[in-house]
Amino acid sequence: MNIPSLGLLSAALALADIAAPPSNTEPASVDQQSSDVQQIKQIISEATRGWDEFDLAAATAEYADDASWFNAFGRERHGRAAIQELVGRVLASPGFRAGKKGQLEFGGLQFLRPDLVMVHTTQETLGQKQLGGADLGPRRTHIFRLMQKTGPRWQTRIWIASDQQGGGTLPAEPTVRN
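Side note on helix 4 (residues 80-92)
And step 1. Its 13 residues give helix 4 an end-to-end C-alpha distance of 18 Å, which sits within 8% of 18 Å, the value for a rise of 1.5 Å per residue.
And step 2. If you check which residues of helix 4 are buried, you get Arg80, Ile83, Leu86, Val87 and Leu91. All buried residues of helix 4 lie within an arc of 140 degrees about the axis, which places them on one face of the element.

What about the side chain of glutamate 76?
And step 1. Topologically, glutamate 76 is positioned in strand 2 (residues 76-78).
And step 2. Buried and unpaired, glutamate 76 has no salt bridge, with arginine 77 as the nearest side chain of opposite charge at 7.5 Å.
And step 3. Of note is the side chain of glutamate 76, whose polar atom sits 2.9 Å from the side chain of histidine 78.

Quick word on the nonpolar core
And step 1. Counting 13 residues, the largest nonpolar core has Trp51, Tyr63, Trp69, Ile83, Val87, Leu91 and Trp159 as the members making the most contacts within it.
And step 2. Looking at which element gives the most residues to this core, the answer is helix 4, with four residues.
And step 3. Not counting the four nearest positions on each side in its chain, isoleucine 83 is found in contact with Tyr63, Ala67, Trp69 and Arg77.
And step 4. Counting seven residues, the second largest nonpolar core, distinct from the first, contains Ile40, Ile44, Val119 and Met147.

Regarding the packing of aromatic side chains
And step 1. In this structure the tally under the stated criterion is five aromatic pairs.
And step 2. Ring geometry for tryptophan 69 and tryptophan 159: centres 4.9 Å apart, planes at 5 degrees, overall stacked. Taken as a pair, tryptophan 69 in strand 1 (residues 63-70) and tryptophan 159 in strand 7 (residues 153-164) lie far apart in primary sequence, 90 residues in all. The exposure classification of tryptophan 69 matches that of tryptophan 159, with both residues buried.
And step 3. Between phenylalanine 111 and tryptophan 154, the aromatic rings sit 6.0 Å apart at their centres with planes inclined by 75 degrees, giving edge-to-face as the arrangement.

Conventions adopted
- Residues numbered from 1 in each chain as written.
- Predicted model: local features only at pLDDT ≥ 70, side-chain atom pairs only at ≥ 80, totals over all residues.
- Heavy atoms only, no water.
- Helix = DSSP H or I, 4+ residues; strand = E, 2+ residues; numbered from the N terminus.
- Expected span 1.5 Å × (residues − 1).
- Buried < 20%, exposed > 50% of the residue type's maximum accessible area, 1.4 Å probe, protein only.
- Arc of directions from axis to C-beta.
- Lys, Arg positive; Asp, Glu negative; His and termini not counted.
- Salt bridge = Lys/Arg side-chain N within 4 Å of Asp/Glu carboxyl O.
- Polar contact = N/O pair within 3.5 Å; in protein donor to acceptor, adjacent residues only side chain to side chain.
- Core = buried A, V, L, I, M, F, W, Y, C linked by side-chain atoms within 4.5 Å.
- Contact = heavy atoms within 4.5 Å.
- Phe/Tyr/Trp six-rings, centres within 6.5 Å; stacked < 30°, edge-to-face > 60°.

Structure (structure tokens):
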């Protein structure tokens, strides 16, 4: 098993622990769930704004202290401090700063419990550069967040990014927009 697989296995085990229903879980009311959806979208929009404007504090405010983070290039970090350190380096890199971001799109929110939600977002990026200066090409990044509500606050516990790309062993699929 390679190292990234161990990280994903750890995240899956953490998810299993998080997703185990507490004994006192009550279904959320429609009004409460609507309020939660608004709060979740606001948190993610603010974090995305942080990435787009190279603002480290805003980009990393969503993470729980024990969050796990996996990006589309195989980098992984565990814990808020380690995530902030890497994201700070990414935001400062000239290749990342060269990119122009498209609009954030919410692909779906699925409540697993009243205090646990899986969120899927996408965003397109053009003009990012690789470390050597070559163009990275257009990116359509899918981000999956497992967010948990602790008290009144939602936080990201697991963040996984994946780029939609051509190539591989199957023909490219059409882009589906929600």
